[in-house]
Structures are given as C-alpha cells and as structure tokens.
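Here is what each chain is made of, one letter per residue.
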Amino acid sequence: MFEHISKPTLIVDERKCKANISEMLAKAKKHQLEFRPHFKTHQSIEIGRWFREFGIHKITVSSMDMAVYFASDGWDDITVAFPVNWREINKINGLGSKIKLNLLVESVETIEFLSKNLTYPAGVFIKIDAGYQRTGIPVAQTEYIGQLIHKINRSGFMKFEGLLVHNGHTYQAGSVDEIKEIHRNSLIQLADLKKSLSNLAQPIHVSIGDTPSSSICDQYEGISEIRPGNFVFYDLVQQQLGSCNYKDIAVSMACPVVAKHPNRRNIIIYGGGVHFSKEFLSDTSGQKIYGRIVLFTESGWSEPLEGCILSSVSQEHGIVDASETLMKSVKIGDLIGVLPVHSCMTANLQSSYQDCHSNVIKNFRDII
C-alpha cells in the first residue's frame, strides 16, 4: 500500500474520522447542545464535507483567512475563535457581507473599534478566561463583562452572541478526574457569572470548546454550545489524557526509511520537526516521545508497536528507537507509520493529506 509515496505524507482514515464525528455529535444531541466543531485541526474543505453529511451547518475556525476558505465552500455560519485583529477589518467586512460571521472580543477598545468600522452585521462573543490564562477576561470580572455586553448592544452592527470559553488547561491535566474537575469548576464559575448578569434581561449563551472535556465529561449545565476540534483526528496527547483510545486516532504519518543503525537499534526516517513539529510527550522514565510507530495494513495501520517510538526529530530527520523485531523486518526504502503527538500541529504543517485509498485530500495550506 502507498507504493507511490516518496516523502512524509499524512494519511487520514475517513472511517475513523466519521466515527469520531458521529460520536461527538451524539453527545451534543444527548445534552441538547449546539455543535459547532472547530475546523482548525483538519483545515480541509473535503473533510468539512464529511461533517455536512451529519447535518452540521455551523463551524468554528481560528483565523479570518480560514473563515474565507471555508465560506468559499458554502459554510455560511462561522465563528472566528480568535480575538479580532484590527488590521483585518476589510477582510471582516468583506466576509460579513456574505455570511453570518461571529467575532471574538475581550476589550472595550476592540468593541469601540468595531462600532466605528463595521459596515455589515456581525455576531460578537466575549472571550472569558475560566482558568486557562492564555487570554480572555477573567471570569470574576463581572462588572466589566456587563459593561462590554451593554456596549455591544448599543452598536448598530454588532449582535451579542454570548460568552466563549476555552479550557485549554485540561491539556495539562494529570488524570481523567482532573479534567472532570477543571470542567466542573468552569461550569460553576460560568453559572455564577451568568447569575450576576441576570439584570441584563437577555439570555446569556455560553460556548465551550476543548476536546478533552468534550470527550470525557457528561455535565453541561448552563452550556449552550460545544466547539471541539482535535477530536476528528485525535492524537497521542488525547490518548494519554484519556480522551480516546489508540484505535480512535485517525491520522498516521507515512515516512520513508532512509537508514538503519543496528548497533544502536535505530531506524532513520524521512520525517522531522518540519513535518511533526517538535512537540513531545514524556514517559515515566523521562524519555521524550515524538510519535509512536505503526505498520500499514490493507485497511489502515496496526496498533502502536511495543518498544518502538520516534525518540528524536531534527529538521528533516527522525530517529526511531526500534525493537529487535522491527529492526529485522523493516528495510531501507520501506514506509513506516508514526502516530503524531499533536495532530493539529502536524496537519498544519502539511499542504495536503491522503486517505487510505491514496486519494489526495487538499487543505487550507494548499492555497496560501
């Protein structure tokens, strides 16, 4: 299989992707949540169409350029889950004239800027920080948040859509119970915030969106919408967190074997930091893991091979610590598969993917 592949190529298993979409959609329906998946992970019009097969019609993206890209394929209800970049106002107005566009704000300055410069209607979410501390207004600043909502409501072209939260600190959790606790604390804080804003006499919708809690948790009181993205592919981080099993990981990088060093049981692959990024996991001994090794089969790929990891990456090189069995069975010129640590970063570094039948899947990077 994949005899034509000559360089690192990300293989996407359509069957697994659709199973992951189906499962997350079922959870959203179970809890009566709007499902607005984040497309920053797959970044592909073709994979976006797989979501359409499930009746999904609202999406999230991470940039205005990505919003324009997906709008070109007919997506007409898009949230850009990144703080408004003032320098893109022309692009915002251009897209806002064609679709329902939702923007993200976290300051009075940006709201005032939009009030003066928007020429078409836009929905506006306020970014709330419930503990991640990347960006957003701290959830306890209720008075300031209320002032922002009031300013949005007074604007001619802005419509207040709700509060948007990303609990990215679930990715630093040490256990499933810790993820559940982060999620539970976020719900409590958001409930308190909504209660403090009850004098506004308007519904306060809350949108949350991290794959660990969306995959693991079953409490969503006070939440209107979920926006997970990584779940469509999953990866080794999610497997380690408990969000998925190895069988749910829907991408594997096909890498040519270019050298072998039996004396140190290393296999050298064409596949390095420019293909995977340099994100890594650590095992209990402190060993860095940049990927786990699989072998391709007629229907996809195997479970990770015991005792085989991608232990080091430089720009183009990858060093595989191999078992004795793998050293004996793999030849220079063969392809081996690598499950990525972080599928979002890995996919972002590719200009296209291939499915398990060798069909090319173009993505956002193919046009920029």
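Relevant structure appears above.
Being a predicted model, the structure only gives us computed values, none of them experimental.

Q: What is the right way to read the overall build of the chain from this model?
A: On a plain count of helices and strands, the chain comes out with 12 helices and 22 strands. The C-alpha radius of gyration of the chain comes to 22 Å, within 12% of the 21 Å expected for a compact globule of 368 residues. Along the first, second and third principal axes, the C-alpha set of the chain runs to 70 × 40 × 35 Å. Looking at the 368 residues of the chain, the share that counts as buried comes to 54%. By element, 49% of the accessible surface of the chain is carried by carbon and sulfur atoms, the whole surface being about 16200 Å². Of note, the chain has its 38 positive side-chain charges centred 3 Å away from the centre of its 39 negative side-chain charges.

Q: Teacher, can you tell me more about the nonpolar core here?
A: In summary, soluble globular proteins display a tendency toward joint burial of nonpolar side chains. Core analysis: the biggest nonpolar cluster contains 115 residues, and Phe70 and Ile126 have the highest contact counts within it. Of the residues forming this core, the biggest block, six residues, is contributed by helix H3 (residues 64-71).

Q: Whenever I open this one, the pattern of salt bridges confuses me. Can you help?
A: It is possible for side chains bearing opposite charge to pair when their charged atoms get close. Applying the stated criterion to the full structure yields 17 salt bridges. A salt bridge links arginine 49 to aspartate 73; the shortest N-O distance between them is 2.6 Å. Separated by 24 residues along the polypeptide, arginine 49 in helix H2 (residues 45-52) and aspartate 73 in the loop between H3 and strand E4 (77-83) bring together distant segments of the chain. By relative accessible area, which is 42% here, arginine 49 ends up partly exposed. For aspartate 73, a relative accessible area of 16% puts it in the buried group. A salt bridge links glutamate 112 to lysine 151, with the nearest nitrogen and oxygen atoms 3.6 Å apart. Pair noted here: glutamate 112 is in helix H5 (residues 108-117) and lysine 151 is in helix H6 (residues 142-154), with a separation of 39 residues, a long-range link. Looking at glutamate 112, the relative accessible area reads 35%, which means it is partly exposed.

Q: Looking at this model, I keep getting lost on unusual backbone geometry. Mind explaining?
A: Despite not being glycine, tyrosine 234 has its phi angle at roughly 55 degrees, a positive value. With respect to the secondary-structure elements, tyrosine 234 resides in the loop between strand E10 (225-226) and helix H9 (236-241). Assessed through its relative accessible area of 7%, tyrosine 234 is described here as buried. Although it is not a glycine, serine 277 adopts a positive phi angle of roughly 75 degrees. Counting through the fold element by element, serine 277 comes out in the loop between helix H10 (273-276) and strand E13 (281-282).

Q: I'm lost on the packing of H5 against H6 in this one. Help?
A: For any two helices packed against each other, one specifies the crossing angle of their axes together with the interaxial distance. Orientation of H5 relative to H6, taken along the N-to-C sense of each, is 0 degrees, at an axis distance of 10 Å. The orientation of H5 with respect to H6, classified from their angle, is roughly parallel. On H6, the residues that touch Val108, Ile111 and Glu112 of H5 are Tyr144, Leu148, Lys151 and Ile152. Across the contact of H5 with H6, the residue classes break down as five nonpolar, no polar and two charged.

Q: Would you mind going over the environment of phenylalanine 125 with me for this structure?
A: Structurally, phenylalanine 125 is set in strand E6 (residues 122-129). Non-local contacts of phenylalanine 125, meaning those with residues more than four positions away in its chain, are made with Thr79, Asn102, Leu103, Leu104, Val105, Glu161, Gly162, Leu163, Leu164, Ser207 and Glu225.

Q: What is the right way to look at the packing of aromatic side chains in this model?
A: In total, this model carries 12 aromatic pairs according to the counting rule given. Seen from their ring centres, phenylalanine 280 and tyrosine 290 are 5.6 Å apart, and the 55 degrees between their planes marks the pair as tilted. One end of the pair, phenylalanine 280, is in the loop between H10 and E13; the other, tyrosine 290, is in the loop between strand E14 (288-289) and strand E15 (291-294), with 10 residues separating them in the sequence. Here phenylalanine 280 falls in the partly exposed class, since its relative accessible area comes to 37%. Given a relative accessible area of 11%, tyrosine 290 falls into the buried group. A network of ring pairs unites the aromatic residues Phe35, Phe39, Phe51, Tyr69, Phe70, Trp75, Phe231 and Phe364 as a single cluster. Geometry around tryptophan 75 places arginine 52 over its ring, the cationic atom sitting 4.2 Å from the centre. Here the basic side chain of lysine 288 rests over the ring of phenylalanine 280, its NZ or CZ set 4.7 Å away from the ring centre.

Q: Looking at this structure, I do not really get the pairing of E15. What am I missing?
A: Side chains on a regular strand alternate between the two faces of the sheet. Here E15 pairs with strand E18 (residues 309-313) via two bridges, running antiparallel. Within E18, the position partnered with glycine 291 by the bridge is leucine 310. Where E15 lies against strand E20 (residues 335-340), four bridges are found, and the strand directions are antiparallel. Bridging from a neighbouring strand, glycine 291 pairs with proline 340 of E20.

Q: Is there a simple way to think about the environment of isoleucine 188 in this case?
A: Within the element layout of this structure, isoleucine 188 appears in helix H7 (residues 176-196). For isoleucine 188 and methionine 24, which are 164 residues apart along the polypeptide, the C-alpha to C-alpha distance reads 23 Å.

Q: Help me understand H3, please; the structure alone is not making it clear to me.
A: Since the α-helix packs 3.6 residues into each turn, any two residues three or four apart lie on the same face. Most of H3 sits inside the fold, with six of its eight residues counted as buried. Among the residues of H3, those classed as buried are Met64, Met66, Ala67, Tyr69, Phe70 and Ala71.

Definitions and limits used
- Residues numbered from 1 in each chain as written.
- Predicted model: local features only at pLDDT ≥ 70, side-chain atom pairs only at ≥ 80, totals over all residues.
- Heavy atoms only, no water.
- Helix = DSSP H or I, 4+ residues; strand = E, 2+ residues; numbered from the N terminus.
- Rg over C-alpha atoms; globule rule 2.2 N^0.38 Å.
- Buried < 20%, exposed > 50% of the residue type's maximum accessible area, 1.4 Å probe, protein only.
- Areas by Shrake-Rupley, 256 points an atom, 1.4 Å probe, with all protein chains shown as cover.
- Lys, Arg positive; Asp, Glu negative; His and termini not counted.
- Charge placed at Lys NZ, Arg CZ, Asp CG, Glu CD.
- Core = buried A, V, L, I, M, F, W, Y, C linked by side-chain atoms within 4.5 Å.
- Salt bridge = Lys/Arg side-chain N within 4 Å of Asp/Glu carboxyl O.
- Axes fitted to C-alpha atoms, helices over the stretch in contact; angles between N-to-C directions.
- Parallel < 35°, antiparallel > 145°, perpendicular 65-115°, else oblique.
- Contact = heavy atoms within 4.5 Å.
- Nonpolar A, V, L, I, M, F, W, Y, C, P; charged D, E, K, R; others polar.
- Phe/Tyr/Trp six-rings, centres within 6.5 Å; stacked < 30°, edge-to-face > 60°.
- Lys NZ or Arg CZ within 6 Å of the ring centre and 35° of its normal.
- Pairing = 2+ DSSP bridges.

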